[in-house]
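Overview (structure and organization)
Chain by chain, the residues:
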Amino acid sequence: MLKATLRSFLAHKGRLVLSALAVVLSVAFVAGSLIFSDTVSRTFDRLFASTSADVRVSPKDDDLDEAVPSGEVRTLPASLAARLKGVEGVADTHVDAGVENITVVDRHNTSVGPTTGAPTIATNWEPTDRSPVRLTSGRAPRGEGQALLDADTADKKHVRIGDTLTVMAQPGSFKVEIVGIATFHTTNPGAALVFLDTATAQRKLLGGPGRATSISVDAAPGVSDAALKKNVAQQLGTAYDLKTADEDAKSSAESLGGFLDIIKYVMLAFAGIATLVGIFLIVNTFSMLIAQRTRELGLLRALGADRRQVRRSVLTEAVLLGLVGSTIGLALGIGLAAGLIKLMGVFGMNLKSTEMVVGWGTPVASYVVGVGVTFVAAYLPSRRAARVSPMAALADAEIAGVGRPLTVRAIVGAVVALAGAGALVGCAAATRTASASLLLVLGIVLTLIATVVAGPLLVRPVIRVLGAAFPAVFGSVGRMSQRNALRNPRRTGATAGALMVGLALVAGMSVASASMSKSFDQQIDKTLGADFTVQNAGFLPFPQEVTEKIRATDGVGLVVRQRFAPVAVRLPDGKRVRTTAAGWDPRLDDVAHVTYAAGGSAQSLAPGRIGLRKDYADEHRVRVGSVLPVEFPGGRHASLTVGALVDQEGNDFGMAGGFYMGLPTLVKYVPGGQDSAVYVNGASGTSADTLRDRLEKTLDPYPQVQVRDLADYKELIHGQIAVLLYLVYALLGLAIVIAVLGVVNTLALSVVERTREIGLLRAIGLARRQLRRMIRLESVVIAVFGAVLGLALGLIWGVAAHQVLALEGMEALAIPWPTIVAVVIGSVVVGLAAALLPALRASRLNVLAAIAHE
């Protein structure tokens, strides 16, 4: 049996190639994502370990989540450095004075910072053995107005020694002359680095002398980091945070972990789609191969092979296919990881392919996925093969399911569909987002399973409708193509299922994203009342001088500022909530239309007051007049009285994490924050176009901020939503590629299966062109059938997902009909493309050889 299995596998290797491609793709994405993330993690671990001080002293940390940056720079006294030099075990200390997310522009007001989301960092020049850069040309900065720039940024932005740059930090803007270039000798994480001398950094970046962002402490020879930390703690007490080099490196790696997780999970999503769609392809391929080998399997049974041996033979072929596909996929995964490393280099993160990490877990995961997928997919066909009777060797029989009743499928599909429908109805009726989301996921999974199980039941009624015009338009060729698609409902359903999964995903996400866009448009129209909004990308704060420049612009009538800060609020029910609070200037009502359930803007923005959303307040037993203990960064505390409750519907504008207060109150407890947005109304007699031109001219030296009107604001939101949609379209593209392979495989095996039939049709006068047309029409109707099922399922998912969005205030429902029409047209193109090679092969068959084919 082992010899027979191996010979069968080698005999059908051409037919298994397309199935192997699905395994290869899924394994490649799994291996590539693991190798890339492991390489980046290992590289940065080495970077952090080699550059971290033996002990770092930082301002006291808190557990507040800064989801939206406040712009506050936390500092400690620089005099601690001198104080710690006398501590036992200390060899030396260094003052660190650095800030992130500043803006640096050249003489053309063009940013010289990275455009990939990496920060622009300005810090003091204190070279040590642990510094990530070395001075390679020019000299160190001395005194105000001099700076170093890292070599990667200098090369990319064409900055040379002697050039003048403008640095925009929290205290204000200042100009520097580049007097030297520093080159990374470790991994460049993609950031832009500007170095100043320590005194200048303290004044220009931190707002005054005698300040530091941290103190680096070096251990004397023979003193461990833990012992040094203990000695420093005895000197400083608990007023500051102390971290050893290992703890500091671990903390830095954790902050990088979110970025790595995004890349890893995106690639694993591609692997999951490839795996899911590949299962359809492999099941179909093995089912057809077993159908074509009915006589062969029957002969094995007649020669003494029992059912277990036949089933084991088919599963062995699947394992062999999985091993081959996994091996190739692992190799491609290494190449994919190398490509991602190169791509990161384009974005400024200079990783080295020679330091690629292939951990033991990567090949294990690759082979588990590859072999596991093929084994699971081939299990049902193997059971079907084991049921072949020895008498099948004497008959021209097949067991692919033609004519077999679909009763069991109908019952199982109906039960699962009812359960899925119940979950989706429950989602629509839910009043809490968490429970609605859980029911939505459950409903999607169950309805997908139900559609896959019951798909063959829908083949005959749906394809009869879809192909109803074929006989009238294409004559007998059209009639035969329709009947060929109807001949084996199981096969047609499985072939279309791969396409159905991808299209259901894109349809559901398209409805959700279109509904989000429409809801945001309605909310913006309903709530935003300012003529213009001045904002940084990603709500990043900007220096106060930008706001002052806006105020001084001719034609500006009103300026209302908005800031954010992380807070922790203790609610009456005892729950401590960490969130983001917004701070507003008093004249909020002049730039926003906020509907209050209780109180108003005057009450919520008054000193010592706070406002929040009504639904949130009701959930936690908060009322107007309730006193809420609030924690701010830096250990500051306040007791704020609830002055107003905002009606949630369409009024989430500027509420951030659900809490907001007057800007004077926020500034009192977060004095070092920066504005995140400025809302501007024009003075009387100033047109919108004139004011926009003046604002843009005023803000030309500040490329980090943009002037937006109502339409621009909507476009910004649409662009952010589109990022998610592009990912879904990429997933759809992968699903379509594998679905096309499935249709190609099905048609190719079908041509082999119908070789004698094709020969007879050719013998009685069917032309080659007509034969190719027949196969193309069969492919198109199968593809459109998959598209119809996928779109119907996706629309149901999308409408259910809208119910979850409605609980968050996004109540508008939008169906993207242009996308739906484009998908249907695209499915026709997919069907035509998939039929090219099988139709060409069928038309080239020798008529006499085909008639004589066994």
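Rules of the game
- Residues numbered from 1 in each chain as written.
- Predicted model: local features only at pLDDT ≥ 70, side-chain atom pairs only at ≥ 80, totals over all residues.
- Heavy atoms only, no water.
- Helix = DSSP H or I, 4+ residues; strand = E, 2+ residues; numbered from the N terminus.
- Polar contact = N/O pair within 3.5 Å; in protein donor to acceptor, adjacent residues only side chain to side chain.
- Contact = heavy atoms within 4.5 Å.
- Axes fitted to C-alpha atoms, helices over the stretch in contact; angles between N-to-C directions.
- Parallel < 35°, antiparallel > 145°, perpendicular 65-115°, else oblique.
- Left-handed = near helix turned anticlockwise from the far one by under 90°.
- Nonpolar A, V, L, I, M, F, W, Y, C, P; charged D, E, K, R; others polar.
- Salt bridge = Lys/Arg side-chain N within 4 Å of Asp/Glu carboxyl O.
- Buried < 20%, exposed > 50% of the residue type's maximum accessible area, 1.4 Å probe, protein only.
- Phe/Tyr/Trp six-rings, centres within 6.5 Å; stacked < 30°, edge-to-face > 60°.
- Core = buried A, V, L, I, M, F, W, Y, C linked by side-chain atoms within 4.5 Å.
- Pairing = 2+ DSSP bridges.
- Patch = residues over 30% accessible without salt bridge, like charges linked within 9 Å, V, L, I, M, F, W, Y side chains within 5 Å.
- Areas by Shrake-Rupley, 256 points an atom, 1.4 Å probe, with all protein chains shown as cover.

Take the side chain of Gln-674 next. Mapped onto the secondary structure, Gln-674 falls in the loop between helix H19 (663-669) and strand E22 (677-682). Among the polar contacts listed, one links the side chain of Gln-674 to the backbone oxygen of Gly-71, at a separation of 3.1 Å. Those residues in contact with Gln-674 that sit more than four places away from it in its chain are Ser-70, Gly-71, Gln-170, Pro-541, Phe-542, Pro-543 and Arg-563.

Let us look at the packing of helix H21 (residues 710-753) against helix H23 (residues 768-807). It is the contact of H21 with H23, at a shortest axis distance of 11 Å, that shows an interaxial angle of 140°. Judged by the inter-axis angle, H21 sits oblique to H23. As for the relative orientation of H21 and H23, their crossing is right-handed in sense. Seen from H21, the contacting residues are Val-743, Leu-747, Ser-750 and Val-751; seen from H23, they are Ile-775, Glu-778 and Ser-779. For the contact of H21 with H23, the residue count by class is 4 nonpolar, 2 polar and 1 charged.

So, about the pattern of salt bridges. Taken as a whole and assessed by the stated rule, the structure comprises 24 salt bridges. In this structure, the salt-bridge partner of Glu-72 is Arg-636, at a minimum N-O distance of 3.3 Å. With Glu-72 in the loop between strand E1 (55-59) and strand E2 (76-77) and Arg-636 in strand E20 (residues 636-646), this residue pair connects regions lying 564 residues apart in the sequence. Note on Glu-72: relative accessible area 17%, which makes it buried. For Arg-636, a relative accessible area of 27% puts it in the partly exposed group. Residue Asp-618 pairs with Lys-614 through a salt bridge whose shortest N-O separation is 2.7 Å. Linking Asp-618 with Lys-614, this pair stays in helix H18 (residues 614-619), spanning 4 residues, or about one helical turn.

A complete count under the given rule lists 5 aromatic pairs for this structure. Here the aromatic rings of Trp-125 and Phe-195 are separated by 5.1 Å at their centres, their planes lie at 75°, and the arrangement is edge-to-face. Taken together, the residues Trp-125 in the loop between strand E5 (120-124) and strand E6 (133-138) and Phe-195 in strand E10 (residues 192-196) connect sequence positions 70 residues apart. Seen in terms of ring centroids, Phe-470 and Phe-474 are 5.9 Å apart; in terms of plane orientation they differ by 85°. Their pairing is edge-to-face. On the criterion of helical spacing, the pair formed by Phe-470 and Phe-474 is a turn pair, its members being 4 residues apart in helix H13 (residues 470-474). Residue classification places Phe-470 among the buried residues on the basis of a relative accessible area of 12%. A residue is classified by how much of its surface remains accessible, and Phe-474, at 31% relative accessible area, is partly exposed.

We now examine the nonpolar core. Among the nonpolar cores identified, the biggest contains 75 residues, and Phe-36 and Ile-775 are the most heavily contacted of them. Among all residues touching Phe-36, those that are not within four sequence positions of it are Ile-263, Ala-337, Leu-340, Ile-341, Met-344 and Leu-351.

Take the pairing of strand E3 (residues 90-96) next. With 5 of its 7 residues buried, E3 lies for the most part within the structure. In this structure, E3 lies alongside strand E12 (residues 214-219), joined through 6 bridges in antiparallel fashion. Note that in E12 the partner of Asp-92 across the bridge is Asp-218.

Here we take up the packing of helix H12 (residues 433-466) against helix H14 (residues 476-487). Interhelical geometry of H12 versus H14 gives an angle of 165° and a closest axis separation of 9 Å. Between H12 and H14, the angle falls in the class roughly antiparallel. For the crossing formed where H12 meets H14, the hand is right-handed. On H14, the residues that touch Val-459, Arg-460, Ile-463 and Arg-464 of H12 are Gln-482, Ala-485, Leu-486 and Arg-487. Looking at side-chain class alone, the contact of H12 with H14 contains 4 nonpolar, 1 polar and 3 charged residues.

Right, let's get into the environment of Ala-318. Looking at where Ala-318 falls in the secondary structure, it is placed in helix H9 (residues 307-346). Classification of Ala-318 as buried rests on a relative accessible area of 0%. As a C-alpha pair, Ala-318 and Gly-831 span 513 residues in sequence and 27 Å in three-dimensional space. Contacts of Ala-318, omitting those with residues within four sequence positions, involve Phe-286, Thr-374, Phe-375 and Ala-378.

Further remarks concern a nonpolar patch on the surface. The grouping of Phe-375, Val-376, Tyr-379 and Leu-380 at the surface amounts to a nonpolar patch, some 390 Å² of accessible area in total. Along the chain, Phe-375 falls in helix H10 (residues 361-386). Residue classification places Phe-375 among the partly exposed residues on the basis of a relative accessible area of 36%.

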